[in-house]
Amino acid sequence: MKIIYTSLLFAATLMACNSENSTSQTNTADLTSENQKIKDSIPPVETNKANADYEPAFEGQTRISGVKTTTPFQAKVITEDLDSPWGAVELPDGRLLVTEKEGVLKIVNIETGELSEEITGLPEVDDRAQGGLLGITISPDFENDRMVYWTFTEEMEEGNHTAVAKGKLADDEKTIENAQVIFRTSPTYDGKLHYGGRILFNQEGNLFVSVGERSDKETRDYAQDLGSTLGKIVHITTDGKAVEGNPFADQEGALPEIYSYGHRNPQGLAFHPVTGELWSNEFGPRGGDELNLIKPGNNYGWPVITYGIEYIGTKIGDPVIQQKEGMEQPVYYWDPVISASGMTFYAGNNIPEWENNLFLAGLSSNFITRLVIEDNKVVGEERLLTEEGERFRDIIQGENGVLYTITDGGKLYLITN
Ligand SMILES: [Ca+2]
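Since the model is a prediction, treat every value here as computed from it, not as a measurement.

Points about the sheet that holds strand 15 (residues 289-294)
Strand order in the open sheet formed by 4 strands is 13-14-15-16, and the pairing between neighbours is antiparallel. Edge positions in the sheet fall to strand 13 (265-271) and strand 16 (332-334), since each of these pairs with one other strand and no more. Going from strand to strand, the sheet's axes swing by 20° on average, the running direction of each strand aside. When strand 13 meets strand 14 (residues 278-283), the two strands line up antiparallel, connected through 5 bridges. For alanine 270, the partnering residue across the bridge sits in strand 14 and is tryptophan 279.

Rendered as structure tokens:
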């Protein structure tokens with residue numbers, strides 16, 4: 001009886017296989033799902049135990065299948081002489097303008113690896129702990145106006161805050177002329193952590209700036225307070241004014257510069273090359289780093305909902321919840337954290353396999369995370385440059401299709417095929 005049953009089962013399985021084979025040879029949809037299966041066969045890159053026992057809100061929100069780059073590529077060290085570089089932007093001639101945390105701005109010649117002298121004329125920065133000279137970008141019309149925009153920690157009598165400044169790079173490239181602070185986040189607070197600090201132009205010529213909530217328990221709730229710009233992504237003009245049409249412009253008691261809120265320490269900002277949508281990553285608590293798709297007026301939940309726990313091990317929130325109506329779920333989260341700072345989408349031609357993938361520079365994780373994103377969902381994750389042992393601080397794409405990444409240890413890498 002048992003033998004007959006097994007044979008029947010075998011025959012049935014054989015038939016099922018045959019019918020599957022016959023359709024998959026002619027049906028492209030099946031071929032796509034075959035490719036998907038191959039992709040799925042790589043286990044998730046994260047194998048360490050999670051800090052929290054929380055369930056994701058949807059399948060694939062964390063620990064997605066691994067992917068592996070098949071195109072050969074190289075990571076070449078251009079210089080190792082930078083001093084705690086924090087942000088980088090490419091100039092029209094291919095050189096990089098780089099901030100150093102202690103308050104120094106320099107130009108790196110990619111061909112020779114040579115660093116310029118310090119560019120003077122920037123306001124003083126408070127570079128204690130996580131503060132300093134932070135993110136940088138240039139005017140979309142830089143070739144004509146030579147304008148540079150940056151964020152930094154500005155010291156005041158009662159504490160400090162993240163500020164945005166602008167100035168003109170002199171023709172001799174030795175100074176920033178007429179540097180002026182155009183925007184100050186509020187309130188000022190006497191602390192040394194969570195400044196956010198990335199800055200990015202959109203196509204309309206306005207700025208997005210990521211701002212942290214200053215970390216301490218007494219400042220955390222500002223992330224939910226529309227009367228403060230802490231724990232926010234702000235959207236301002238090149239004069240530091242609220243962009244017309246910002247989501248809270250007409251709401252009484254709300255600051256008009258706010259674009260999205262409920263953030264902890266958001267840093268990476270990048271526009272998707274195809275959809276044009278704004279994405280951000282933020283440092284979460286222990287086990288709660290997030291990737292978010294940023295939409296105007298949305299609440300990203302901190303400190304009400306989170307997938308992480310306190311660094312001392314206690315749970316966060318009263319009640320302890322990970323989902324709430326009216327609060328956005330992260331597209332993806334990491335537990336344990338990857339502590340990513342800068343990020344960029346790849347829209348170059350050098351490595352077609354990477355087209356529209358997201359690259360995040362990881363600090364304590366010591367690697368670059370590559371995410372494959374389809375229909376606003378993460379479908380694959382890879383870790384790159386793991387053997388370098390560096391704290392990766394920022395990653396940008398050059399016009400010529402290469403990636404550049406800078407490290408706390410002072411290195412600048414060029415990544416290409
Ligand atoms: Ca969140």
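On we go from here.
Let's talk about the sheet that holds strand 10 (residues 207-211)
Strand order across the open sheet formed by 4 strands is 9-10-11-12, with antiparallel pairing between neighbours. The sheet terminates laterally at strand 9 (199-201) and strand 12 (258-261), the two strands that pair on one side only. If you compare each strand with its neighbour and ignore which way they point, the axes differ by 20° on average.

Considering the environment of proline 92
Looking at the element boundaries, proline 92 is found in the loop between strand 2 (85-90) and strand 3 (96-100). Remark: the alpha-carbon pair of proline 92 and threonine 112, spanning 20 residues in sequence, is separated by 17 Å. If near-sequence neighbours (up to four positions away) are discounted, proline 92 is found in contact with Phe142 and Glu143.

Some remarks on the nonpolar core
Counting 89 residues, the largest nonpolar core has Leu133, Ile395 and Tyr404 as its most contacted members. Ignoring sequence-local partners within four residues, the contact set of leucine 133 consists of Trp86, Thr99, Glu100, Lys101, Gly103, Val104, Leu105, Leu122, Val125, Trp150 and Phe152.

Side note on the environment of isoleucine 258
Within the secondary structure, isoleucine 258 is located in strand 12. When the 26 C-beta atoms within 10 Å are taken as the criterion, isoleucine 258 is described as buried. Considering only alpha carbons, one finds isoleucine 258 and isoleucine 199, 59 residues apart in sequence, at a separation of 14 Å. Sequence-distant contacts of isoleucine 258, defined by excluding residues within four places in its chain, comprise Leu226, Thr229, Lys232, Val234, Asn246 and Phe248.

Side note on unusual backbone geometry
Cis geometry marks the peptide bond from aspartate 318 to proline 319, where omega comes out at 5°. Locating proline 319 in the fold gives a position in the loop between strand 15 and strand 16. Here aspartate 335 and proline 336 are connected by a cis peptide whose omega angle stands at 0°. Although it is not a glycine, arginine 63 adopts a positive phi angle of roughly 50°. You can see arginine 63 is positioned in the loop between helix 2 (28-40) and strand 1 (74-79). Among the residues examined, arginine 63 registers 18 C-beta atoms within 10 Å and is labelled partly exposed. Backbone geometry at serine 84 places phi at a positive 45°, although glycine is not the residue there. Among the secondary structure elements, serine 84 is positioned in the loop between strand 1 and strand 2.

Parameters and conventions
- Residues numbered from 1 in each chain as written.
- Predicted model: local features only at pLDDT ≥ 70, side-chain atom pairs only at ≥ 80, totals over all residues.
- Pairing = 2+ DSSP bridges.
- Helix = DSSP H or I, 4+ residues; strand = E, 2+ residues; numbered from the N terminus.
- Axes fitted to C-alpha atoms, helices over the stretch in contact; angles between N-to-C directions.
- Contact = placed C-beta atoms within 7 Å.
- Core = buried A, V, L, I, M, F, W, Y, C linked by C-beta atoms within 7 Å.
- Buried ≥ 20, exposed ≤ 12 C-beta atoms within 10 Å, placed from the backbone.

The quantities given are spatial measurements derived from coordinates; they are silent on function.
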